[in-house]
There are 2 protein chains.
Amino acid sequence: MATIRELARLCGVSSATVSRVFNNPEVVNAQTRELILSTAARIGYLPNESARTLATKRSHMVGLIWDTDHRRPGWRHPFFQEILIGLKTALSERGYHLLMLATSEDGTPDSFLRAVRRHNLDGVVFIDNGRADPSLQPLAESEVPCVSLDRPVQGPWTTYVTSDNVGGAREAVRHLHATGRRTIATITGPARTRPGAERLRGYLEELAALGLAHRPELVVEGDFYLSSGHAAMRALLELEEPPDAVFAAGDEMAVGALRAVTEAGLKVPEDIALVGFDDIELAALVPPGLTTLAQDKAGFGTAAAAAVITMINGGVTPLPRILPTSLVVRGSTG
Amino acid sequence: MATIRELARLCGVSSATVSRVFNNPEVVNAQTRELILSTAARIGYLPNESARTLATKRSHMVGLIWDTDHRRPGWRHPFFQEILIGLKTALSERGYHLLMLATSEDGTPDSFLRAVRRHNLDGVVFIDNGRADPSLQPLAESEVPCVSLDRPVQGPWTTYVTSDNVGGAREAVRHLHATGRRTIATITGPARTRPGAERLRGYLEELAALGLAHRPELVVEGDFYLSSGHAAMRALLELEEPPDAVFAAGDEMAVGALRAVTEAGLKVPEDIALVGFDDIELAALVPPGLTTLAQDKAGFGTAAAAAVITMINGGVTPLPRILPTSLVVRGSTG
DNA sequence: CTGAAAGCGCTTACAG
DNA sequence: CTGAAAGCGCTTACAG
């Protein structure tokens, strides 16, 4: 591997000049710049990023905290893969790489912050793991730029990206109402999660706006996973006066609910209409097709990248970014 | 951020001694070691990894090449997420981090190799993207330890991890035969992919072993995606003498095939039995449940991590690792 | 068991 | 527009 010194010697200049060509090209004489560039290409010179980071204190790396918990499957974000692609793409367009941080090895609350400091990471993105994770707090309170997905975290250099959960839930209920349904139940996410709480709020708000009565027994809590939707739907079907429509706060739960309806010998959408949230792949695949509120999958990654880079370069903390959702109508609402 | 010099000064030792405590602890006096360790904890000293990498030429980082192609969805490995978790976990247990490499920004064939060199990566793992990617060749031919998933790549420091595709395919056919089927078709993956080619080979081998005739019209090529399975199944159903069983070389295609059977007014497994490959989540969810050959999802990540670390530390290139598959019987074969 | 010193490959005021 | 020099924070023979 050629170093900056060899390249400088070959070109008859100092290494400071070579350095400038790569960091501040317009400041050096055009001819020598071309000479250096072509010689660099010829001998295959590449700046050593470790040396660069040591000198500048900027690594051009952003950490990704995606706490998968060694034993339990951990929180499966409904579109983790899309977020990852969006994030990676948007970061790399701006010259940043993504370092996947290992889950708090030693269990100490500042293990993530320590990893960030050791590796001179310029910023961090974390994907909600659905639990209260104490390791995030020291990071959020630090001087490290952080952006959180789907979970509000407090800190001077911390912001978050989330969907318009309230608006989406309201649209779900409005759509069910518009198709003639009047007894609208909901299967919620866990109340402690932000999406869970907000989608419930949207449901309640829209019920009120439409002048529909709120019947507490029509609200059943799930955990975003399929089987909880199945169980919740069975409970709803056993009510004295069962619903004619259900808004499930996540597509997986909606698919579970769909199965429960079928198993009970009823039909979707004839007997029960169903709306989910997320627009996961399965939503289009499961007959008769699941009507749902699509989240802006690519937008999450892009917005997170933009936010963290703004903090790194701009020195300001951007406001939280609320991404719009969009209703995708399929067979489950007729 | 405290540096090694401050810590050394505080303890009344040289920075060389502090360095030894973190790299070669048994070589320093127990008392001073304890003093240094406790003082380090007190002042929150953390070794700077960039400086370390610069001095040692080892970054303790492994690159992940997962070429997602900006526009098209790219190759969706059937269990990318599980591989990623397994890899990350296994690497972090050995003290390595995972750096997601940006897709060949400039399109030059050595862009990955350059990224590896710039960042002093100790090794690289790549996930098959289903295309011939010329950027992998320069890497594979270099001195950088590489492990490839599902695709054999040649190089002095290169090995790969894959499933026993031939054995799995043979077991699929044997299972169908054991449940009384005699006209067994297959929907293959693309012939240019290793899993595609090998699973077809297993199908043919087992047919021969069972003394069943090979009828070329019973072999239809798909592309591993759902809709290709759907189309292939429709073609099979239109044959003069349609099959009574189908082995689809991937679960997504099997689900597409299942749909085609249902749409044709036929029943699975009564009219047509179906076996897939992969054991993706959907396999258990789609009625009547898809019989399939499960790949060892966690094993991929773990084996890849083990292989790359062996090359990094051991200085030998391990043999390719072939992971066993296991038959999971569900409703689609009765 | 420990320290002084050189070196890893960059960047960046400073001076010209 | 360019160079000499100091510095970034570590590690590692070498000598004791």
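Residues numbered from 1 in each chain as written. Chains lettered and ligands numbered in written order. Predicted model: local features only at pLDDT ≥ 70, side-chain atom pairs only at ≥ 80, totals over all residues. Heavy atoms only, no water.

*Asks:* Sorry, what's going on with the interface of chain B and chain A here?
*Replies:* Often, the extent of an interface is quoted as the loss of accessible area upon association of its parts. At the interface, 42 residues of chain B touch 42 residues of chain A. The junction of chain B with chain A conceals about 4300 Å² of combined surface from both sides, 62% of it contributed by carbon and sulfur atoms. Counting the contacts that link chain B with chain A gives two salt bridges. Arg118(B) is the salt-bridge partner of Glu49(A), the closest N and O atoms lying 2.5 Å from each other. Put simply, chain B and chain A have ten residue pairs in polar contact (both at pLDDT 80 or more) between them. Secondary structure elements with two or more residues in the side of chain B that touches chain A: helix H4 (49-56), helix H5 (80-93), strand E2 (97-100), helix H6 (111-118), helix H11 (251-263) and helix H12 (281-285) of chain B. Sorting elements by how many residues they give to the side of chain B that touches chain A places H5(B) first, with eight residues. Grouping the amino acids of the side of chain B that touches chain A by side-chain chemistry returns 19 nonpolar, twelve polar and eleven charged. (Contact = heavy atoms within 4.5 Å. Buried area = accessible area lost by both parts, 1.4 Å probe. Salt bridge = Lys/Arg side-chain N within 4 Å of Asp/Glu carboxyl O. Polar contact = N/O pair within 3.5 Å; in protein donor to acceptor, adjacent residues only side chain to side chain. Helix = DSSP H or I, 4+ residues; strand = E, 2+ residues; numbered from the N terminus. Nonpolar A, V, L, I, M, F, W, Y, C, P; charged D, E, K, R; others polar.)

*Asks:* What should I look at first to understand the sheet that holds strand E1 (residues 61-65) of chain B in this one?
*Replies:* Strand order in this open sheet of twelve strands is E11(A)-E5(A)-E4(A)-E3(A)-E1(A)-E2(A)-E2(B)-E1(B)-E3(B)-E4(B)-E5(B)-E11(B), and the pairing throughout is mixed. The strands lining the two open edges of the sheet, one partner per strand, are strand E11 (321-323) of chain A together with strand E11 (321-323) of chain B. Sheet twist, expressed as the average angle between the axes of neighbouring strands with direction ignored, equals 20°. Alignment of strand E4 (residues 146-149) of chain A against strand E5 (residues 158-163) of chain A, held across four bridges, turns out to be parallel. Directly across from Ser148(A), in E5(A), lies its bridge partner Tyr160(A). Against the sheet, helix H13 (residues 297-314) of chain B engages E1, strand E3 (123-127), strand E4 (146-149), strand E5 (158-163) and E11 of chain B, with an angle of about 165° to E5(B). (Pairing = 2+ DSSP bridges. Axes fitted to C-alpha atoms, helices over the stretch in contact; angles between N-to-C directions.)

*Asks:* Would you mind showing me how to read the environment of Arg215(A) here?
*Replies:* Residues and elements named next belong to chain A. Following the sequence through the fold, Arg215 ends up in the loop between helix H9 (194-210) and strand E7 (219-221). Residues Arg215 and Arg151, 64 residues apart in the sequence, show an inter-C-alpha distance of 29 Å. In contact with Arg215, not counting residues within four places along its chain, are Thr183 and Glu241. Polar side-chain contacts of Arg215 include one of 2.9 Å to the side chain of Glu217.

*Asks:* Sorry if this is basic, but what is going on with the protein's contact with DNA strand C here?
*Replies:* Taken together, 27 residues lie near DNA strand C, and Ile4(A), Ser19(A), Asn23(A), Thr17(B) and Arg20(B) sit nearest. Taken together, the sugar and phosphate atoms account for 71% of what DNA strand C places within 4 Å of the protein. A distance of 2.3 Å separates a phosphate oxygen of DNA strand C from a polar atom in the side chain of Ser19(A). Asn23(A) has a polar side-chain atom sitting 2.8 Å from a phosphate oxygen of DNA strand C. Sorting the residues of the surface near DNA strand C by element identifies helix H2 (15-23) and helix H4 (49-56) of chain A together with helix H2 (15-23) and H4 of chain B as the ones contributing at least two each. Sorting elements by how many residues they give to the surface near DNA strand C places H4(A) first, with five residues. Taken together, the residues of the surface near DNA strand C break down into 14 nonpolar, nine polar and four charged. (Near = heavy atom within 4 Å.)

*Asks:* How should the pattern of salt bridges be read in this particular structure?
*Replies:* Any two side chains of opposite charge can pair, on the condition that their charged atoms come close. Residues and elements named next belong to chain B. Within this structure, the stated rule accounts for 26 salt bridges over all chains. Between Glu206 and Arg170 there is a salt bridge; the shortest N-O distance is 2.7 Å. A residue pair is termed long-range when its members are at least 10 positions apart, and Glu206 in helix H9 (residues 194-209) and Arg170 in helix H8 (residues 165-178) qualify at 36 residues. Judged by relative accessible area, which is 4%, Glu206 ranks as buried. Salt-bridge contacts for Glu198 lead to Arg194; the nearest nitrogen and oxygen are separated by 3.1 Å. A residue pair is termed a helical-turn pair when its members lie 3 or 4 positions apart in one helix, as Glu198 and Arg194 do in helix H9 at four residues. Of the two residues, Glu198 and Arg194, neither departs from the other in class, the shared state being buried. (Buried < 20%, exposed > 50% of the residue type's maximum accessible area, 1.4 Å probe, protein only.)

*Asks:* Help me understand the pairing of strand E3 (residues 123-127) of chain A in this model?
*Replies:* Two faces make up the sheet, and in a regular strand the side chains alternate between them. Residue and element names in this part refer to chain A. Here E3 lies mainly inside the structure; five of its five residues are buried. Here E3 shows no split at all, with Gly123, Val125 and Ile127 on one side and Val124 and Phe126 on the other all buried. As defined by bridge partners, strand E1 (residues 61-65) adjoins E3 across four bridges and the pair is classed as parallel. Within the sheet, the bridge partner assigned to Gly63 lies in E3 and is Val124.

*Asks:* Hey, could you run me through the protein's contact with DNA strand D in this one?
*Replies:* Taken together, 29 residues surround DNA strand D, and among them Thr17(A), Arg20(A), Ile4(B), Ser19(B) and Asn23(B) come closest. When atoms of DNA strand D within 4 Å of the protein are split into backbone and base, the sugar-phosphate part holds 72%. Side-chain polar atom of Thr17(A) to a phosphate oxygen of DNA strand D: 2.6 Å apart, as the coordinates give it. Ile4(B) places a polar main-chain atom, nitrogen or oxygen, 2.6 Å from a phosphate oxygen of DNA strand D. Breaking the surface near DNA strand D down by element, the ones donating at least two residues are H2 and H4 of chain A together with H2 and H4 of chain B. If one sorts the elements of the surface near DNA strand D by residue count, H4(B) sits on top with five residues. Grouping the amino acids of the surface near DNA strand D by side-chain chemistry returns 14 nonpolar, ten polar and five charged.

*Asks:* Honestly, the pairing of strand E8 (residues 245-248) of chain B in this entry has me stumped. Any pointers?
*Replies:* Residue and element names in this part refer to chain B. On E8, burial covers both faces: Ala245 and Phe247 on one face and Val246 and Ala248 on the other are all buried. Where strand E6 (residues 184-188) lies against E8, four bridges are found, and the strand directions are parallel. Its bridge partner lying in E8, Thr186 is registered against Phe247. Examined bridge by bridge, E8 and strand E9 (residues 273-278) share three bridges and lie parallel to one another. In the strand pairing of E9, Val246 is matched with Leu274.

*Asks:* Whenever I open this one, the relation of the copies chain B and chain A confuses me. Can you help?
*Replies:* The operation linking the two copies of the chain is a rotation about an axis combined with a translation along the axis. Placing chain B over chain A gives an RMSD of 0.0 Å and needs a rotation angle of 180°, together with 0.0 Å of translation along the axis. Both copies are brought into coincidence by an operation consistent with a two-fold rotation axis. An overlap of 100% is found between the interface residues of chain B and their copies at the interface of chain A, pointing to a shared contact surface. (Least-squares fit on C-alpha atoms with pLDDT ≥ 70 in both.)

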